[in-house]
Amino acid sequence: MDSSSSPLLRIRKLTKKYPIKKSFFKKEFFYAVSDVSFDIYRGEIVGLVGESGSGKSTIGRLILGLIKPDSGQIVFENQDISEKFPKNLRKEISIVFQDPRTSLNPRFKIFDILAEPLIVNGYSKDVIREKVLETLKLVELDESFIDRYPHELSGGQRQRVAIGRSIVLNPKLIIADEPTSALDVSIQLQIVNLIKNLNREKGVTFIFISHDINVVANLSNRIIVLYKGKVMEYGETDCVINNPQHPYTKILLDSLPPESPRHRKIFPDIPEEDFNNSNFEGCEFYFRCPVKTDVCKTKPQMKKTQSGEVYCHLV
Ligand SMILES: Nc1ncnc2c1ncn2[C@@H]1O[C@H](COP(=O)(O)OP(=O)(O)O)[C@@H](O)[C@H]1O
Ligand code: SF4
Ligand SMILES: [Mg+2]
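Residues numbered from 1 in each chain as written. Chains lettered and ligands numbered in written order. Predicted model: local features only at pLDDT ≥ 70, side-chain atom pairs only at ≥ 80, totals over all residues. Heavy atoms only, no water.

Colleague: Looking at this structure, how should I read the site of ligand 2?
Modeller: The full set close to ligand 2 counts 13 residues, and C283, C289, C296, C312 and H313 are the nearest of them. A breakdown of the residues in the shell around ligand 2 according to their chemical character gives 10 nonpolar, 2 polar and 1 charged. (Near = heavy atom within 4 Å. Nonpolar A, V, L, I, M, F, W, Y, C, P; charged D, E, K, R; others polar.)

As structure tokens, then:
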């Protein structure tokens, strides 16, 4: 990772909202992503963690240009891609989805699945074959897989093919959106190790999305913690894991299994959230925060931490 040069990807004040119909006259908005800023440097793996509905996939879709932001900036290699995703960047940023059963075309053999992006980009037949075989090797599948269909593969093998498809064009950035969540625990670790190897050996930069801070901590250089579409805390993995600053990060870490060496019991279980609070002007975490005070009825500001920032009045 090289944080001295300009970032590969720069996100500034990114916001995506969806209308909620209250009545015919009254329109309110739900903020799926709210004022999110972060940088991604070449060669790093950045973990984006938060529970279901915190806006992780929305951020991924915004970066890929699949949906448009309402405001904010997405800059890739100094080029502003917020308004229009340039066609020539299609091969520079790719995605791996959670469930390879649905992301891989069931009618295509593995060879065709891996060859398709190369055909679209005009590679010759010989080069395509060479690159497909090279890619299979990179994702640790042997040549015999080229003639198989996705349903003839295990979940872990299918995810290897999906990862292969995402790297076949040599992208600079891969967004891996919960790539291990549909897999058995034993297979999860293999996929995590594969991503680590691709990062180390090919220098591919990853945004690794997961609801599981344990998985994210295992492979990321830095961690960004999201809650309700907002960044609660970010920093280097060691700092965030060993010295979490935000109450939400502490709760996420506290929910690690008891046998984990990092287990700690600082906070009680997360109380049920009161969801009727879209007009609330204070901290987004207020209704679930075990240490809130009156000052939290106003919005906090981001504050510097040892290696990043935190969004909390009490830090
Ligand atoms: N097209 C949409 N219309 C309305 N709400 C949406 C849409 N897409 C996502 N959302 C909402 O935005 C929030 C964030 O979604 P998502 O980014 O998928 O979260 P995550 O990936 O962290 O689980 C969720 O509450 C989801 O219901
Ligand atoms: S600002 Fe207040 S409510 Fe929000 S996380 Fe910090 S202590 Fe909790
Ligand atoms: Mg998601």
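Colleague: Got a minute to help me understand the packing of aromatic side chains in this structure?
Modeller: Two descriptors summarise a pair of aromatic rings, namely the distance from one centre to the other and the angle between the planes of the rings. Applying the stated rule across the entire model yields 6 aromatic pairs. The interplanar angle of 80° and the centroid separation of 5.3 Å between the aromatic rings of Y286 and F287 together place this pair among those described as edge-to-face. On the basis of relative accessible area, Y286 is assigned to the buried category, the value being 13%. The exposure class of F287 is partly exposed, given its relative accessible area of 24%. Taken together, the aromatic side chains of Y227, Y248 and F285 make up a single cluster linked through ring pairs. (Phe/Tyr/Trp six-rings, centres within 6.5 Å; stacked < 30°, edge-to-face > 60°. Buried < 20%, exposed > 50% of the residue type's maximum accessible area, 1.4 Å probe, protein only.)

Colleague: Explanation requested: helix α3 (residues 110–120) in the structure shown.
Modeller: Every buried residue of α3 is accounted for by I110, F111, I113, L114, A115, P117 and L118. Positive backbone phi, approximately 80°, marks G122, located one or two places after α3. (Helix = DSSP H or I, 4+ residues; strand = E, 2+ residues; numbered from the N terminus.)

Colleague: Explanation requested: the pairing of strand β7 (residues 173–177) in the structure shown.
Modeller: Where a strand is regular, its side chains alternate between the two sheet faces. Along β7, 5 of the 5 residues are buried, which leaves the element largely enclosed by surrounding structure. Sheet topology places strand β6 (residues 93–96) next to β7; 4 bridges connect them, and they run parallel. Its bridge partner lying in β7, S94 is registered against I174. Here β7 pairs with strand β8 (residues 205–210) via 5 bridges, running parallel. Note that in β8 the partner of D177 across the bridge is I209. (Pairing = 2+ DSSP bridges.)

Colleague: I tried to follow the nonpolar core on my own but got confused; where do I start?
Modeller: Counting 54 residues, the largest nonpolar core has V132, V161, I163, I195, F208, V225 and F285 as the members making the most contacts within it. With 6 residues, α3 is the single largest residue contributor to this core. If we skip the residues at most four places from it in the chain, V161 touches L104, I110, I113, L114, L141 and L153. Counting 29 residues, the second largest nonpolar core, distinct from the first, contains L8, I67, I74 and I209. (Core = buried A, V, L, I, M, F, W, Y, C linked by side-chain atoms within 4.5 Å. Contact = heavy atoms within 4.5 Å.)

Colleague: It is not clear to me how the sheet that holds strand β12 (residues 309–311) should be interpreted in this structure. Could you clarify?
Modeller: Where strands meet in a sheet, backbone hydrogen bonds hold them as pairs that are either parallel or antiparallel. Strand order across the open sheet formed by 8 strands is β6-β7-β8-β3-β9-β10-β12-β11, with mixed pairing between neighbours. What marks the edges here is a single partner per strand, and that holds for β6 and β11 (302–304). The sheet shows a mean angle of 20° between the axes of neighbouring strands, taken without regard to direction. Pairing analysis gives 4 bridges linking strand β3 (residues 45–49) to strand β9 (residues 222–227), with the strands arranged parallel. Paired with V46 across the strands is R222, a residue of β9. Taken strand by strand, helix α5 (residues 155–167) contacts β6 and β7, and its axis lies near 175° from that of β6. In this fold helix α6 (residues 185–202) packs onto β3 and β8, with an angle of close to 160° to the strand it touches most, β8. (Axes fitted to C-alpha atoms, helices over the stretch in contact; angles between N-to-C directions.)

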